[in-house]
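Architecture at a glance
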Amino acid sequence: MTDHAQQTLDDATAVLRSALAGDGDAVVGTFDAVVDRSGLAGAYGVAWCLAATMLGDARPAGACALDFPGIDQAAYDTRWVARFVSAYANDDGDTGEALFGAAAADGLLPDCLLTLAGSTVATLRSRAG
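Quick caveat: nothing in here was measured; it's all calculated off a predicted structure.

**Observations regarding helix α1 (residues 3-20)**
Between the first and last C-alpha of α1 there are 25 Å, a value that for 18 residues agrees with the 26 Å anticipated at 1.5 Å per step. Every buried residue of α1 is accounted for by Thr8, Asp11, Ala12, Val15, Leu16, Ser18 and Ala19. Summarising the axial view, the buried residues of α1 lie within an arc of 165°, below the 170-degree limit, and thus occupy one face. Away from its buried face by more than 90 degrees, α1 exposes Asp3 and Arg17. Buried residues belonging to α1 abut α2 (24-55) and α5 (109-128).

**Some remarks on the packing of aromatic side chains**
In this description, an aromatic ring pair is defined by two values, namely the gap between the centres and the angle between the planes. All told, the structure shown has seven aromatic pairs when counted by the stated rule. Ring geometry for Tyr44 versus Phe100: centroids 5.4 Å apart, planes at 90°, classification edge-to-face. A residue pair is termed long-range when its members are at least 10 positions apart, and Tyr44 in helix α2 and Phe100 in helix α4 (residues 93-105) qualify at 56 residues. Relative accessible area serves as the criterion here: at 4%, Phe100 is assigned to the buried category. With a centroid separation of 4.7 Å and 10° between ring planes, the pair formed by Trp80 and Phe84 is classed as stacked. Here Trp80 and its partner Phe84 are both found in helix α3 (residues 76-89), four residues apart, which amounts to about one turn of the helix. Classification of Phe84 as buried rests on a relative accessible area of 0%. Of the aromatic side chains, those joined through ring pairs into one cluster are Tyr44, Trp48, Trp80, Phe84, Tyr88 and Phe100.

**Here we look at α5**
Here α5 spans 29 Å end to end across 20 residues, near enough to the 28 Å set by a 1.5 Å rise per residue. Within α5, the full set of buried residues consists of Leu109, Cys112, Leu113, Thr115, Leu116, Ala117, Thr120 and Val121. Where α5 is buried, its residues touch α1, α2, α3 and α4.

The rules we used
- Residues numbered from 1 in each chain as written.
- Predicted model: local features only at pLDDT ≥ 70, side-chain atom pairs only at ≥ 80, totals over all residues.
- Heavy atoms only, no water.
- Helix = DSSP H or I, 4+ residues; strand = E, 2+ residues; numbered from the N terminus.
- Expected span 1.5 Å × (residues − 1).
- Buried < 20%, exposed > 50% of the residue type's maximum accessible area, 1.4 Å probe, protein only.
- Arc of directions from axis to C-beta.
- Contact = heavy atoms within 4.5 Å.
- Phe/Tyr/Trp six-rings, centres within 6.5 Å; stacked < 30°, edge-to-face > 60°.

Below you can see the structure in the form of structure tokens.
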């Protein structure tokens, strides 16, 4: 594992620990620190790692369709997470990057990343329970 890959994994672990503790400020703070150190590309790597964690070993083979009834009525951050995780499931980094850039341009990236961290924790808890 490269130093960069290890740093991304360490950052994702810190985000998840904070999310598990219910500390949204620490989640955002970790992402802010990643952006300060590695730019938006670093934060994207952490988000992609969270999507991988959410799907786990259950990542389906072949193309995946987003099945989220009422997605168009969901809040921006919820729609973003569903589409970002779908992009990961389809190994579609271009779409993931486009979604990430759009959220940043809209000024909603922190909300989206916080929702992604919360969704990842909720998924991990549901698997454990």
